[in-house]
Amino acid sequence: LINGLIFDLDGVIVDTAKYHYFAWKKLAKELNFAFDENQNEALKGVSRMQALELLLNFGNIKASQEEKRLWANRKNRYYQQCLSNLSQNDLLPGVLTFLTKTKERKYKIALASSSKNAKTILYHLKIENYFDFIADGNMVQESKPDPEIFLLASDGIKCPPNACLVFEDALSGIQAAKSAGMLVIGVGNSKVLSTADLVISSFDNFNLTEAEAYFNNDSSV
Ligand code: G6P
Ligand code: MG
């Protein structure tokens, strides 16, 4: 029985995944290499420094620790500039309705985001009150696909992993949730997120009761 819902933030609740991509692409351009949306899938969900390592691998660039630190900071500045006008309009379709409905029901709700900007983003969106527990990039040692952040969130809402359902838009996040022993719904493109237990294109018209019935009838989960 599911009684905890754990949400990723960027690309699930709010349309900020495109800003991360924009900021990494700008940095790549300044370092003289092209970086595309396909490659970007690998950067989703992972910490800022890990994402930088992946980016530099794509560009075949070797760098010192000091250069890496400066580039990660530069990317974060580009990203934060994109966030300056963030508002409820940036919530992804159906999210607010879904959060409101689930809050009225029995579910405990947690956030599990690798981002160190997560709390600022929730504040801009004015949705902090929906969450019983917030786990962000400042609270973990290991980045997704490690399960650490999901286990922290499940602990925070006192729901065992097998009673938690995760919403994720990143392959690293799906892997992390599965390693934590949780069910996971991919939010996005089913071709990309095929490792999830179920994929939805958005929260618009998403029915949690139907999804629960699906999981209960599916002997493979
Ligand atoms: C999220 C995003 C990643 C990002 C990570 C760290 O998980 O999906 O693309 O790299 O957070 O974000 P931060 O805001 O701390 O740089
Ligand atoms: Mg995400």
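Small disclaimer: the values here were computed from a predicted structure and weren't measured.

J.: Help me understand the environment of Phe 203 in this model?
T.: With respect to the helices, strands and loops of the structure, Phe 203 is situated in the loop between β6 (198-200) and α9 (208-217). Residue class for Phe 203 comes out buried when judged on the 22 C-beta atoms lying within 10 Å of it. For the pair Phe 203 and Lys 178, spaced 25 residues apart in sequence, the C-alpha separation works out to 21 Å. With near-sequence residues (within four places) excluded, Phe 203 lies in contact with Leu 92, Pro 93, Gly 94, Val 95 and Phe 98.

J.: What is the right way to read the pairing of strand β2 (residues 108-112) from this model?
T.: A regular strand carries its side chains on alternate faces of the sheet. In terms of residue burial, β2 counts as a mostly covered element, since four of its five residues are buried. Two elements, strand β1 (residues 4-7) and β2, share four bridges in a ladder whose sense is parallel. Within β2, the residue paired with Ile 6 across the bridge is Ala 110.

J.: How do you make sense of the UniProt feature "active site" (unreviewed entry) in the protein when you look at a structure like this?
T.: The UniProt entry lists Asp 8 and Asp 10 under the feature "active site" (unreviewed entry), expressed in the numbering used here. Take Asp 8: it is sitting in the loop between β1 and α1 (17-30). Here Asp 10 is to be found in the loop between β1 and α1. When sequence neighbours within four positions are dropped, the list of residues in contact with Asp 10 reads Thr 16, Ala 17, His 20, Ser 113 and Ser 115.

J.: Whenever I open this one, the site of ligand 1 confuses me. Can you help?
T.: Around ligand 1 lies a shell of 17 residues, among which Arg 48, Ser 114, Ser 115, Lys 116 and Asn 117 are the nearest. For the shell around ligand 1, the residue count by class is four nonpolar, nine polar and four charged.

J.: Explanation requested: the environment of Ile 185 in the structure shown.
T.: Tracing the sequence through the fold places Ile 185 in strand β5 (residues 183-187). With 17 residues separating them in the primary sequence, Ile 185 and Glu 168 have C-alpha atoms 6.4 Å apart. In this view, Ile 185 contacts Leu 165, Phe 167, Ala 196, Asp 197, Leu 198, Ile 200 and Ala 211; residues no more than four positions away in its chain are not counted.

The rules behind these values
Residues numbered from 1 in each chain as written. Chains lettered and ligands numbered in written order. Predicted model: local features only at pLDDT ≥ 70, side-chain atom pairs only at ≥ 80, totals over all residues. Helix = DSSP H or I, 4+ residues; strand = E, 2+ residues; numbered from the N terminus. Buried ≥ 20, exposed ≤ 12 C-beta atoms within 10 Å, placed from the backbone. Contact = placed C-beta atoms within 7 Å. Pairing = 2+ DSSP bridges. UniProt positions renumbered as here; feature names shortened; annotations may be inferred. Near = placed C-beta within 6 Å. Nonpolar A, V, L, I, M, F, W, Y, C, P; charged D, E, K, R; others polar.

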